[in-house]
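Structural overview
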Amino acid sequence: MTTQTDTPGSVTTVYKVSGMSCGHCEGSVSSEISEIPGVESVKAVASTGEVTVVSAAPLDEEAVRAAVDEAGFELVRKA
């Protein structure tokens with residue numbers, strides 16, 4: 001798990017997601033996670049399976065899991 005505070009009030013968390021293989025996959029995952037309240041930015045990288053989320057406060061992992069599931073992928077764990 002990599003969780004750190006970058007700026008006052010912001011938390012960065014990196015998640016591992018399986019199944020992403022292209023830019024469309026990255027966009028789908030980013031779009032779904034972006035809808036979680038408090039999310040400030042999302043960067044998904046298909047080649048590594050990593051999704052970096054910056055949020056106002058720590059996110060509920062089940063909310064992130066549900067968003068990733070909705071996009072059609074699987075949240076493996078926090079990186």
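Residues numbered from 1 in each chain as written. Predicted model: local features only at pLDDT ≥ 70, side-chain atom pairs only at ≥ 80, totals over all residues. Heavy atoms only, no water.

**Focus on the overall build of the protein**
Scanning the protein from N- to C-terminus turns up 2 helices and 5 strands. For the protein, the succession of helices and strands along the chain, N to C, is β-β-α-β-β-α-β. Residues counted as buried form 37% of the 79 residues belonging to the protein. Once local pairs closer than 6 in sequence are excluded, the contacts in the protein between residues at least 24 apart make up 60%. Only carbon and sulfur atoms are counted for the fraction: they give 50% of the accessible area of the protein, which is about 4200 Å². (Helix = DSSP H or I, 4+ residues; strand = E, 2+ residues; numbered from the N terminus. Buried < 20%, exposed > 50% of the residue type's maximum accessible area, 1.4 Å probe, protein only. Contact = heavy atoms within 4.5 Å. Areas by Shrake-Rupley, 256 points an atom, 1.4 Å probe, with all protein chains shown as cover.)

**Some remarks on a negative patch on the surface**
Among the surface-exposed residues, Glu 35, Asp 69, Glu 70 and Glu 74 lie close enough to one another that they form a single negatively charged patch. Take Asp 69: it is sitting in helix H2 (residues 61-70). (Patch = residues over 30% accessible without salt bridge, like charges linked within 9 Å, V, L, I, M, F, W, Y side chains within 5 Å. Salt bridge = Lys/Arg side-chain N within 4 Å of Asp/Glu carboxyl O. Lys, Arg positive; Asp, Glu negative; His and termini not counted. Charge placed at Lys NZ, Arg CZ, Asp CG, Glu CD.)

**Focus: the pairing of strand E3 (residues 39-45)**
Across 6 bridges, the pairing between E3 and strand E4 (residues 50-55) is antiparallel. Its bridge partner lying in E4, Lys 43 is registered against Thr 52. Where E3 folds back on E4, the antiparallel hairpin that results is connected by 4 residues, among which Gly 49 adopts a positive phi of roughly 75 degrees. (Pairing = 2+ DSSP bridges.)

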